[in-house]
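Next come the chains, spelled out residue by residue.
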Amino acid sequence: MDNTTRGAGGASSTTPKNPFGLLLEWSGENRKWYLLSALLAIVGVAGGVVPYFAAGAMVNGILAGVRDMGLYLRWCGVAAVGYLVFIIFRTTSTALSHRATFATMSKVRRRIAEHLSRVPLGYVVETPSGKLKNIMVEKVDSIETPLAHVIPEMSSNLIIPFAIVIFIFLLDWRMALASLVTIPVGALCYAGMMRNYEERYGEQVAAGEAMSAVAVEYVNGIEVIKAFGQSASSYEKYAKAVTRAARSSIDWMASVEVFQDAALAIWPSTLVTVLPVGCALVLQGTLEPSTFVLVAILSLGIFPSLYAAVSFTDSLAQVGTIVEQIDEVLSQPAQRRGDAPAKLEGSRVDIREARFSYGEEVLHGIDLSIEPGQVTALVGPSGSGKSTLAGLIAGFWDVDSGSVEVGGVSVNDMAPGQTERNITYVTQDTYLFDDTIMNNIRQGRPGASDEEVVAIARASGCDEFIRSLENGYQTQVGGSGGHLSGGERQRVAIARAMLKDAPIVILDEATAYADPENEAIVEEAVGRLVAGRTLVVVAHRLSTVVGADKIVVLDDGNVVGEGTHDELMAACPLYKDMYLAHIGSRDEA
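Residues numbered from 1 in each chain as written. Predicted model: local features only at pLDDT ≥ 70, side-chain atom pairs only at ≥ 80, totals over all residues. Heavy atoms only, no water.

(A) Looking closely at the side chain of Thr388. Looking at where Thr388 falls in the secondary structure, it is placed in helix 16 (residues 386–394). Thr388 sits in the buried class, given a relative accessible area of 11%. Once residues within four sequence positions are removed from consideration, Thr388 is found in contact with Phe356, Tyr358, Val362, Leu363 and Trp397. (Helix = DSSP H or I, 4+ residues; strand = E, 2+ residues; numbered from the N terminus. Buried < 20%, exposed > 50% of the residue type's maximum accessible area, 1.4 Å probe, protein only. Contact = heavy atoms within 4.5 Å.)

Structure (C-alpha cells):
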C-alpha cells in the first residue's frame, strides 16, 4: 500500500462521488427493502387516484340523468377500495423504508466509529469534537428523509401525475395542455426559490458547525472561563456564533419567500385554465360535457402528488452536502496494518530512519533502539518531538518514511489491534469514561472479572480510596472522570494499564497531576506496572529519569544524544544545560 497517511489525516483527492450512490452503498442489504417500498408506494398512490375517477363517473351519471342508485353505490365502493389501498400500501411502504433507513443509519454510525479507531490519531485530535459529533449525530439523522421518504414516495408521486396527464391526453389533447399551463409557471417560481441553494445551504451548514464547535469549547472550557473571569468574552463569542447560525437561516428564508408563495399559489390552480377552456370547447360542440367534467376532476389530482414529489427537492439538494461530510470522515486514509497477526520476537523496539510530519516535517530520520526490559527516557525542549515519537511507537500514527518495529516486526505489518495489545500508553492527560470505576479499570481487559479488577486496584494503590467513595467500585466518575481528583484519575488509569498487562509500557509524565500526598503512591503503582517490562518514559522533569538505562535527547526532531545520565552530562551540552536548569529551578522552589 502506498504511504499516503499523514499525522493530520488529510484525505486524498478523488473524483466526485454520487451522493445517492453512496447512500445505497451504505444501505447494503437493505436495498431490497427500498425497492419493495417504492413498488408498494406506487400501488398506494395509484389507489389514491381511483376516487377521482369514481367522482368523475358519478358526476357524469348525474348529468346524464341516471337514477340507478346502485351505480352510485358501486362507484362509492370503488372509491373506498381505492382509498383503502392507498392507506394500506402507503403505510406499509413507509414502515419498510423507515425500517431499512434506521438500520442504515445505525450501520453508518457504527462504520464512522470503527473507522475513527483506524485513522491516525492526528486526524481525530485536529478535527473539532463538535464537528465529529455533528456528523455522527445530526448529519446521519439528516439522511433519514432522503432514504425513508424520497426513494419510495418521490418516485411514486412522480409516476402518478405523469399517468394522469397521459390519460387526459388520450381524452382530449387540448384539455391536457390547458391542465398543464400552471405547471411550468409554478416551476419557474420554484426555480427562483432554489437559486444559489447549494451556496446558501453550505453557508448554513458552516454556521451550524461553527456554533456547535464554539458550544463544545464553551462547555469544556467553563472552568478556565470562570477562573480567569472570561465569561463575558467567551459568551460573546458563543452568542455571535448562535446569531450567525440564526441569520444564515432567516436571511435565506427571506430571500426566497416571494418565490415560494408564488409557486404554491400558481401550481394548484389548474382549474383557472381548465374551466374556461373546457367551457369554450363544450359551447363550440367540440368537447363532450362528460369528458369536460372528468378532465376537470382529474386535473385536481395532478398537483397534490406532484407537490408531494417536489417537496422533497429541498432534501435532495441537501443530500450532496450531507453525504460529502459523512464521506469525508469515511474516506480518511486508515493506518496501514497487516491482514493477520504477526509473530513478535520479544519486546525490542527499533526505529529506523523514521520521518513524520504534521504538514511540516517534525521528526527527521530518527534512528533509535529500545532494549527489552530496560528503561528508556525521551527528553528534550518543548516541541522537540518527544511525545510525537512516543505516539509513533504506540502506533497512534504511521511514519511518512522509515519504519517502527516491535519484536522485529514493523507496526504496519501487524494486524489491527495487535500493536495496542502489546503496548500500554499512560499520559498525564488521563481520560476516563462516564461510567463506573469498575468498568473504567476493566477497559484494560474487557473480559476481566470483578475479582481481577479489585485485585489489580489493590496492586496499584487504588482500592483504599475507591472503597471510601459512597458507591465504591460502582461510583460513576462523570464526564472525563470529572468527579475524581487528578491524582485519583491517574491511579485509576494506571490500574487500567496494569490490567492490560502489555510487555511494553509508555509513560508520558504519568505522575504529573499527583499531589504530594499521592505522588509516592502513584510512583509506587507505576513501579509495579513497569516491573520487568520494556519502558519508554517521556520525561519533562529530568530528575525523575536520572537512573534510566538510556536517555535519548531530542532537539528539533533530531536525536542529539544517547546514553546514561553521567555520559550525557559529559558529552551532551543540551542535556547538561537542561538538567542544571531543572535542578536550579527545583532548588529555588
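(B) Spatial organisation of helix 19 (residues 450–459). By the burial criterion, the buried members of helix 19 are Val453, Val454, Ile456 and Ala457. For helix 19, the arc enclosing every buried residue in end-on projection is 165°, short of the 170-degree limit, so these residues lie on one face. Facing away from the buried side of helix 19 by more than 90 degrees, the exposed set consists of Glu451 and Arg458. Positive phi appears at Gly461, one or two residues downstream of helix 19, with a value of about 80°. (Arc of directions from axis to C-beta.)

(C) Representation of the packing of aromatic side chains in the model. Within this structure, the stated rule accounts for eight aromatic pairs. Here Phe356 and Trp397 contribute two aromatic rings whose centre-to-centre distance is 5.8 Å and whose plane-to-plane angle is 50°, an arrangement assigned as tilted. Of this pair, Phe356 sits in strand 1 (residues 349–358) while Trp397 is found in the loop between helix 16 and strand 4 (401–406), placing the two residues 41 residues apart along the sequence. Classification of Phe356 as buried rests on a relative accessible area of 0%. Considering the side-chain rings of Phe396 and Trp397, the 6.3 Å spacing of their centres and the 80° angle between planes classify their relative orientation as edge-to-face. Residue Trp397 is classed as buried on the basis of its relative accessible area, which comes to 10%. Following the ring pairs from residue to residue traces out a cluster consisting of Phe356, Tyr358, Phe396, Trp397 and Tyr425. (Phe/Tyr/Trp six-rings, centres within 6.5 Å; stacked < 30°, edge-to-face > 60°.)

(D) Structural view of the sheet that holds strand 10 (residues 558–563). Read across the open sheet, the six strands follow the order 6-7-8-3-9-10; overall the sheet is mixed. Each edge of the sheet is formed by a strand with only one pairing partner; in this case those strands are strand 6 (423–427) and strand 10. Within this sheet the neighbouring strands show an average axis-to-axis angle of 15°, counted without direction. One ladder, built from five bridges, connects strand 6 with strand 7 (residues 504–508); its direction is parallel. What sits directly across from Thr424, in strand 7, is Val505. Packed on one face of the sheet, helix 16 meets strand 3 (375–379), strand 6, strand 7, strand 8 (534–538) and strand 9 (550–555) and runs near 150° to strand 6. (Pairing = 2+ DSSP bridges. Axes fitted to C-alpha atoms, helices over the stretch in contact; angles between N-to-C directions.)

(E) Region of the structure containing the sheet that holds strand 5 (residues 409–410). The four strands are arranged 2-1-4-5 in an open sheet whose pairing can be described as antiparallel. The open sheet is flanked by strand 2 (360–370) and strand 5, the only strands paired with a single partner. Across the sheet, helix 16 lies against strand 1, strand 2 and strand 4, angled at about 65° from strand 2, the strand it touches most.

(F) Region of interest: the packing of helix 12 (residues 271–284) against helix 13 (residues 289–299). Between helix 12 and helix 13, the least distance of the axes is 10 Å, while the angle of their chain directions is 175°. Between helix 12 and helix 13, the crossing angle belongs to the class labelled roughly antiparallel. Residues Leu271, Val274, Leu275, Gly278, Cys279 and Val282 of helix 12 form the contact with helix 13, whose participating residues are Pro289, Phe292, Val295, Ala296 and Ser299. A per-class count over the contact of helix 12 with helix 13 returns nine nonpolar, two polar and no charged. (Parallel < 35°, antiparallel > 145°, perpendicular 65-115°, else oblique. Nonpolar A, V, L, I, M, F, W, Y, C, P; charged D, E, K, R; others polar.)

(G) Spotlight on a nonpolar patch on the surface. Side chains of Phe162, Ile166 and Leu170 sit close together on the surface and give an oily, nonpolar patch of about 360 Å² of accessible area. By secondary structure assignment, the location of Leu170 is in helix 6 (residues 144–171). (Patch = residues over 30% accessible without salt bridge, like charges linked within 9 Å, V, L, I, M, F, W, Y side chains within 5 Å. Areas by Shrake-Rupley, 256 points an atom, 1.4 Å probe, with all protein chains shown as cover. Salt bridge = Lys/Arg side-chain N within 4 Å of Asp/Glu carboxyl O.)

(H) Looking closely at the environment of Lys139. Examined against the element boundaries, Lys139 turns out to sit in helix 5 (residues 129–142). Sequence spacing of Lys139 and Val205 is 66 residues, and the spatial spacing of their C-alpha atoms is 9.9 Å.

(I) Region of interest: the pairing of strand 2. Both strand 1 and strand 2 contribute to a ladder of seven bridges, which runs antiparallel. Within strand 2, the residue paired with Val349 across the bridge is Ile370. Here strand 1 folds back onto strand 2, and the loop between the two strands holds one residue, one of which, Gly359, carries a positive phi near 85°.

(J) Focus on the pattern of salt bridges. Evaluated as defined, the whole model comprises 17 salt bridges. One salt bridge connects Asp350 with Arg352, and the closest N-O pair in it is separated by 3.9 Å. You can call Asp350 buried: its relative accessible area is 7%. Arg352 sits in the partly exposed class, given a relative accessible area of 42%. A salt bridge links Arg355 to Glu361, with the nearest nitrogen and oxygen atoms 3.0 Å apart. By relative accessible area, which is 36% here, Glu361 ends up partly exposed. Among the ionic contacts, a cluster of salt bridges with common partners joins Arg348, Asp350, Arg352, Glu371 and Glu405.

(K) Fine view of unusual backbone geometry. Despite not being glycine, Glu353 has its phi angle at roughly 45°, a positive value. Considering the arrangement of structural elements, one finds Glu353 in strand 1. On the accessibility criterion, Glu353 (42% relative accessible area) is partly exposed. Of note, Asp556 is a non-glycine position whose phi angle comes to about 55°, a positive value. As for its position among the elements, Asp556 is in the loop between strand 9 and strand 10.

(L) Examining the environment of Val560 more closely. Relative to the helices and strands, Val560 is located in strand 10. On the accessibility criterion, Val560 (43% relative accessible area) is partly exposed. Each C-alpha atom of the pair Val560 and Tyr575 lies 9.2 Å from the other, and the pair is 15 residues apart in sequence. With residues up to four places along the chain from it excluded, the contact list for Val560 reads Val553, Leu554, Asp555, Cys572 and Leu574.

So, to be careful, I would describe these as geometric facts and stop short of saying anything about function.
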